[in-house]
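Listed here are the chains, written in short residue letters.
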Amino acid sequence: MIRPRWKDRVVGGLIIKPGSDAEVAIRAAEAACEVIRRAYGGAVERFDKGGGDFATGVDLAAERVIRGILREERPRDAILGEEYGADGGDGSRVWLVDPLCGTLNFAARTPLVAVNIALRVEGEVTMAVSADPLSGEVFWTGGEGAFIGDEPLVPTMGDRLVDVNLDPPFPNRVIFRAAWLLADDAFIGSFRPRVLSTTLALAWVAAGRRAAYITDGHLRDSVHFTSGIALCQAAGCIVTNLAGQAIHTGIQGLVVASDPATHRELLDIVALHRRI
């Protein structure tokens, strides 16, 4: 069931109107979440994508639901989706869609998955949603502040849990591998590493449930990472590449931290392993 549009709401000083980009994105994410929830724990049909990767019938169904809502509400916009690729629009407004982030987790009945939708307008991300279909939590930003439902996201280092992404590809494999951190005495002495294999972990940094997140990769047009990066930036997290520079530049990769001190500590540890 696709949720009905809401009435005007004021969240963090933002007016969320029916049919606005924020309402459309959240409604599309919630509709995909319902598809995933209904299917979770059932038989999984797999479609090979090569290189050991695969999609399930649920990935495809969730993306079709999202595309249906976006096509109805924003017929002139472009859509770039994980499963069905790119179509439509002139590129000035592009929806980045990852309908089920954590496909292997889903197939293995591990409840760590996300639905990611971001809107990029003239190169800038103006709207992002990362929703957890199994908990029902919806993390989102309209560009000013980040929220879970109606509550603001407040990053804190909490219990110093740090997620390290070990999924390929590893474009910096010659000079850096995130797995090296797991054997580093300084890292495991200061932080508590976790490996969840879903970009939901980025939303958790923004929400104060994780102190940081580290990954390799070229992430500029990533349907997986764009929403989580936007959430963290809007929540006030420190977001850089692996060398502490602007994201999507230089060595690339990603270090996201709840606060400057945590970010600096992690960059120092990462630098010890960057063989350059």
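Overview of the structure. Residue positions are counted from 1 within each chain, in the order its sequence is given. Reporting of local features is limited, given that this is a predicted model, to residues whose pLDDT is at least 70; pairs of side-chain atoms are given and counted only at 80 or more, and all residues count toward the totals for whole chains, interfaces and linings. Where side-chain values are given, they derive from all heavy atoms of the structure, hydrogens and water being excluded.

With that settled, the discussion passes to the overall build of the protein chain. Within the protein chain one finds 7 helices and 17 strands. A radius of gyration in this sense is built from C-alpha atoms; the matching globule rule multiplies 2.2 Å by the number of residues raised to 0.38. Against the globule reference of 19 Å for 276 residues, the protein chain gives a C-alpha radius of gyration of 18 Å, in line with a compact fold. Projected onto its principal axes, the C-alpha positions of the protein chain cover 50 × 45 × 35 Å. A separation of at least 24 residues holds for 59% of the contacts in the protein chain among residues at least 6 apart in sequence. Only the protein chains shown count as cover for residues, with accessible areas throughout obtained via the Shrake-Rupley method and a probe of 1.4 Å. With the model as given, the accessible surface of the protein chain reaches about 11,900 Å², and the carbon-plus-sulfur share is 53%. The protein chain carries 29 positive and 35 negative side-chain charges, and their two centres are separated by 1 Å. Where helices and strands are cited, they refer to DSSP runs of H or I of at least four residues and of E of at least two residues respectively, numbered from the N terminus. The contact rule is simple, with two residues in contact once any of their heavy atoms fall within 4.5 Å. Residues scored as charged are limited to Lys and Arg (positive) and Asp and Glu (negative), so that His and the chain ends carry no count. For charged residues, the charge sits on one atom: NZ in Lys, CZ in Arg, CG in Asp, CD in Glu.

How two helices sit against one another is set out by the angle between their axes and by the gap between those axes. It is at 9 Å that the axes of helix α1 (residues 21-39) and helix α2 (residues 57-73) come closest, and there the two elements cross at 155 degrees. Relative to α2, α1 is oriented roughly antiparallel. Judged by the twist between their axes, the crossing of α1 over α2 is right-handed. For the pair formed by α1 and α2, the contact residues are Val 24, Arg 27, Ala 28, Ala 31, Ala 32, Val 35, Ile 36 and Ala 39 on the first element and Val 58, Ala 61, Ala 62, Val 65, Ile 66, Ile 69, Leu 70 and Glu 73 on the second. Amino acids are sorted into nonpolar (Ala, Val, Leu, Ile, Met, Phe, Trp, Tyr, Cys and Pro), charged (Asp, Glu, Lys and Arg) and polar (every other residue, Gly among them). Classifying every residue of the contact of α1 with α2 by side-chain character gives 14 nonpolar, no polar and 2 charged. Interaxial angle, 0 to 180 degrees, is taken between N-to-C directions of lines fitted to C-alpha atoms, where a helix line uses only the stretch in contact. For classification purposes, angles smaller than 35 degrees are called roughly parallel, those larger than 145 roughly antiparallel, those between 65 and 115 roughly perpendicular, and all remaining angles oblique. With the far helix as reference, a near helix turned anticlockwise by less than a right angle produces a left-handed crossing, and one turned clockwise produces a right-handed crossing.

What follows covers the environment of Gly 250. Inspection of the secondary structure puts Gly 250 in the loop between β16 (238-240) and β17 (254-257). Given a relative accessible area of 61%, Gly 250 falls into the exposed group. The contacts of Gly 250, once residues within four sequence positions are left out, are Asn 241 and Gln 245. Throughout this description, buried means an accessible area under 20% of the type-specific maximum (1.4 Å probe, protein chains only), exposed means over 50%, and partly exposed covers the range between.

That is the geometry; function is a separate question.
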